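Okay, here's what each chain looks like letter by letter:
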Amino acid sequence: MAIFKPSLIKTTLTALVLGVGISACGDTKSKDDAKQDAITSANIYVESEIPQGPLGDNVVPTHYSLDFKMNPREDGFSGLTQIEVDIKKPTTKIWMHGKHLTVTGAKVKLADGTDIVANYAEVPPEEAPSGVVSLSFDTPISGAVTLYIPYQAPYNKNLNAAYKVIKKSNARTDNYIITQMEAIGAREAFPSFDEPRFKVPFDVSITAPKEDIVYANTPEIIRNENEDGWAKHTYATTRPLPTYLIAFGIGPWDVVDYGELPETKIRKRAVPLRGIAVRGHGKDMQYALKNTQGIVETHEEYFGSPFPYEKLDLIAAPDYAFGAMENPGAIVFTEYLLMMDKNASLGQKRAYASVNSHELAHQWFGDLVTPVWWEDIWLNEAFATWMGNKTVDAWNPGYKFDRQTLKGALRAMDTDSLASTRSIREPLLKTENVMDQFDGITYKKGAGVLAMFEGYLGEESFQKGVRLHMKRFEDKVATSDDFFQSLGDGSGNDKVVPALKSFVDQPGVPLVSGTLSCKSDVHKVTLTQSRYAPLGSTIKQGQTWKIPVCAKYGADGKTYKTCTLLSTKTAALDLESQNCPAWLTLNADGAGYYRYTMDKKAWAGLLSNTDKLDTKEVLTVLDSLNASFHAGDLDAKTYLNGMEALAHHKEYDVAAKAGDGIAGLYHFLDKSAHPDLERYTRDLYAKRYAKIKNAKTMEARLLAPTLASRLVNYGGDTALAAKFAAKGVKYLGVDGLVDKKALAPNMLGLGLSQAFKATPETTVDLLLDMVKSGTPAEKADASYVLSFTKGDEALTARLLEEALHNEDTFTDRQASTLVFSLMGNLATQKQTWAWVKGNFDEFVQKRVSDAGKNGPLRAASGFCSAEKAKEVETFFKSKANLIPGYERALAQTLEGINLCAAFKAKQANDLVKALKRR
């Protein structure tokens, strides 16, 4: 593991230098004096460099006591942090973390009760943007001591650390405090050693107005009310935790006590379960709470161990930067994921299941066992993504989550196809770049790689490795290498270790090229591996992976499967069939994280036999076909024919994915080609939509909105657009009569968007009201739908100003959604880009979460010319001080723009001709 450590410079300070003299009369020294002499005459370790990455190893925390006094109606809070630490070598300076904290009266308590004054100083942000502080002392200290740091701090304003949310409704204003410590928010909430490897128990107490509800990671054990209107809440000591998993909240919450998760054969104790929502909305938590038990118990069955923590709270945050956070015993979610009424869509319920299962998987893998440093956070998130999907599939097979991990991995391949992509395990030398570790490479590629090696080892062997790992590192920290070794030991197959490393420690998507050769009775496929590179890429070749490749093929009236571990650049795969295969796919079961390519004849044979493949295999066919086209290895006619064939596939997700590229084609093809693209879109989906639009199956409910949206927005179906506009008008109550039954829940976004496009003047204010006071599902749709303006400059200007300044209507998350969506609308892109450049400083400081500072850079990825790439680069580099850690996001945005331009230059004309000939 590559860890940057500040240099340690030995400085010998004698007793004389420190002014500690020896009695001229030769008095015998006390034991304490002798001990002090031993310390002061020893080598004093001074960490001279400001740590930009991990802290040094000389000072290790062993226990925290956190005491907060917080009133959500005020602008800040006070706290007292006491940290028991072990100092290995005597020192006069300790580096630790803190940001925007005002500290007075810091001191160190020695084991004998002696207090030593400490000087607390925050390093200027231009020298350490992530928040580094020093504690300095006149007297060197070592051994077991307690740091005593009283402080005051403002509430964070950007959905990080301890932040405040103000909820206004009618004549009432409610104030809430919520926390988000991951990745490095804890240092703004309390002075700390804010790194994953420092995993210790915490004692937490919070004094708050007595009318407020307070929650934390562990159960409350004492509540004492004071006469001055405050109450002190004291919580049970936590199991060992890193700082980023500490959580608490304060405010007029609704608390739904759902009872207890009953004992099971694995868990011999009950677990209290509660739902926590803003005032008046606890009733909307019933679905989420009701379905939690089954998910928890399915996880317990897999891990073979009980839910690790004493209680489980599910908290619906009124504004939140992420989807959810796995704080032990106090999981925080966006409201959309937890708050549902009886009309909730299937899509919303599936989103709940996916995210709740992910966060519950973390209670074991990520909380009970945590990483040493942020470069291994990928394993937390990848495992929880893979395990979350696996659990939902076992708990509710009807949701068809068996292919969710694959679909995520295929999406991650778009980012992984960039020259500027990163390795899954990417060294982190500067802490301010930590959010680079939280992207699709971490979550989706990582999960896909784990799934591939589960397939390679076998499900049971992989599970043995996981269980072994959990036993080895319970309540401890572990590296990726530790996990790999646990898999190897548990499965009895050491080959998995180097094979996994080949995928984790280098970037890119492997491309397996297959050439079928049939001679007499010898049939084989020659496999060649390289790195996938799209048109215009600057990727350099030369990498190799250890790839578990399985071919599936049809011959002799049978279906065969043959596998190998492709560890060299080229290898031959001998086939088992007597006759030459009629069709061949190079990713059996869709298990491999790689793309593949074949000649035109082989593609034709495969596309004519997709009915012989399972759904996962068809999804990989579709992805590899699309990738071949974007690499310039496939002509437009074959590509369009393949997409059309797969758009008619019986499975909803195959049909949906077959048209994923339509929006991109619509954006970069000249408008003169739009009628042909619209006709192609209708050929793909019009009949299918007409057949399923009123069906009640799960597939129909999930697919119908996608098909309808494509027909309306890219298929030129004006009649269908008018129907949905009329329904949206009724739903909004433009005529004064609100009809909530006018739109099915899964069609809400489409109906509202068409109503807004058709009659913006009568719907804009109603949509703004919905953003403010609708259900969580309505708020999510409305904040996005407002970006569907046709380009009215006055309306666009109004919406942008509302997003920036109207905090009563738009949460920070909703404001960002609107602005970035307006950047993606071709009709408003130019105006919005000009506005972003003119208002960037204020927008980023007021409306963009600390974790989302790269969002504006990603929003610029919709451009498609080298000229725009240069403009984007110049602008964002000029704002580097506002977006620390921007480098990778900017590099990927610029590369995406340039790749779009290269693809357009090479394939646009061929596409236009192929569309016209259809």
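Thresholds applied
Residues numbered from 1 in each chain as written. Predicted model: local features only at pLDDT ≥ 70, side-chain atom pairs only at ≥ 80, totals over all residues. Heavy atoms only, no water. Buried < 20%, exposed > 50% of the residue type's maximum accessible area, 1.4 Å probe, protein only. Helix = DSSP H or I, 4+ residues; strand = E, 2+ residues; numbered from the N terminus. Pairing = 2+ DSSP bridges. Phe/Tyr/Trp six-rings, centres within 6.5 Å; stacked < 30°, edge-to-face > 60°. Salt bridge = Lys/Arg side-chain N within 4 Å of Asp/Glu carboxyl O. Disulfide = S-S within 2.5 Å. Core = buried A, V, L, I, M, F, W, Y, C linked by side-chain atoms within 4.5 Å. pLDDT = per-residue confidence, 0-100. Contact = heavy atoms within 4.5 Å. Axes fitted to C-alpha atoms, helices over the stretch in contact; angles between N-to-C directions.

Trainee: I'm lost on the pairing of strand β21 (residues 330–334) in this one. Help?
Mentor: Within a regular beta strand, the side chains point alternately toward one face of the sheet and then the other, so they alternate between its two faces. Counting buried residues along β21, five of its five residues qualify, which places the element largely inside the surrounding structure. On β21, burial covers both faces: Ala 330, Val 332 and Thr 334 on one face and Ile 331 and Phe 333 on the other are all buried. Pairing analysis gives five bridges linking strand β19 (residues 312–317) to β21, with the strands arranged parallel. Its bridge partner being in β21, Leu 314 is matched across the sheet by Ile 331. Looking at chain direction, strand β20 (residues 324–325) and β21 are connected through two bridges and run antiparallel. Across the sheet, the residue bridging to Met 325 is Val 332, located in β21.

Trainee: When you look at the packing of aromatic side chains in this model, what are you seeing that I'm missing?
Mentor: One pair of aromatic rings is described through two measures. These are the centre distance and the angle between the planes. Within this structure, the stated rule accounts for 47 aromatic pairs. Each ring, one from Phe 453 and one from Phe 503, has its centre 5.9 Å from the other, and the planes form 75°; the classification is edge-to-face. Within this pair, whereas Phe 453 is found in helix α9 (residues 440–457), its partner Phe 503 is found in helix α12 (residues 496–504), the two being separated by 50 residues in sequence. Comparing Phe 453 with Phe 503 shows no difference in burial state: the two are buried. Aromatic side chains Phe 840 and Phe 875 sit 5.3 Å apart centroid to centroid with 90° between the ring planes, which places their arrangement in the edge-to-face category. Of the two residues, Phe 840 sits in helix α26 (residues 829–847) while Phe 875 sits in helix α28 (residues 866–878), which places them 35 residues apart along the sequence.

Trainee: Help me understand the pattern of salt bridges, please; the structure alone is not making it clear to me.
Mentor: Two side chains with opposite charge may pair up if their charged atoms get near one another. Under the counting rule described, the total for this entry stands at 58 salt bridges. Between Asp 194 and Arg 187 there is a salt bridge; the shortest N-O distance is 2.9 Å. The exposure classification of Asp 194 matches that of Arg 187, with both residues buried. Note that Arg 888 and Asp 436 form a salt bridge whose closest N and O atoms lie 3.8 Å from each other. Pair noted here: Arg 888 is in helix α29 (residues 887–917) and Asp 436 is in the loop between α8 (404–416) and α9, with a separation of 452 residues, a long-range link.

Trainee: What should I look at first to understand the state of the cysteines in this one?
Mentor: Linking two cysteines covalently through their sulfur atoms gives a disulfide. All chains considered together, the criterion is met by three disulfides. Covalently, Cys 518 is tied to Cys 580 through a disulfide, its sulfur atoms 1.9 Å apart. The sign of the 70° torsion about the S-S bond sets the Cys 518-Cys 580 disulfide as right-handed. Residue Cys 518 is found in strand β24 (residues 510–519), and its partner Cys 580 is found in the loop between β28 (570–574) and β29 (583–585); the two are separated by 62 residues along the sequence. Classification of Cys 518 by relative accessible area gives partly exposed; the value is 31%. Cys 580 sits in the partly exposed class, given a relative accessible area of 37%. Once the disulfide-bonded cysteines of the chain are ranked by sequence position, their pairing pattern turns out to be 1-4, 2-3, 5-6.

Trainee: In this structure, what is going on with the nonpolar core? I would like to understand it.
Mentor: A general trend in soluble globular proteins is that nonpolar side chains are found buried together. If you look at the biggest cluster of nonpolar residues, it comprises 279 residues, and the most contacted ones within it are Phe 190 and Phe 193. Counting residues per element, this core draws most heavily on strand β9 (residues 132–154), at 10 residues.

Trainee: Which parts of the structure should I look at to understand the confidence of the model for the chain?
Mentor: For residues with low pLDDT, the predicted coordinates do not support detailed interpretation. Mean pLDDT over the chain stands at 93; residues scoring 70 or higher make up 95%. Scored below 50 in pLDDT, residues 34–41 shows 16 contacts in the model against residues more than four places distant or in partner chains.

Trainee: Is there a simple way to think about the sheet that holds β29 in this case?
Mentor: For sheets, the rule is that strands pair by backbone hydrogen bonds, running either parallel or antiparallel. The strand order β27-β26-β29 describes an open sheet built from three strands, whose pairing is antiparallel. With one partner strand each, in any of the chains shown, β27 (558–566) and β29 form the two edges of the open sheet. The average undirected angle you get between the axes of adjacent strands in this sheet is 20°. Judged from the nine bridges that link them, strand β26 (residues 547–555) and β27 form a sheet pairing that is antiparallel. Its bridge partner being in β27, Lys 552 is matched across the sheet by Lys 561.

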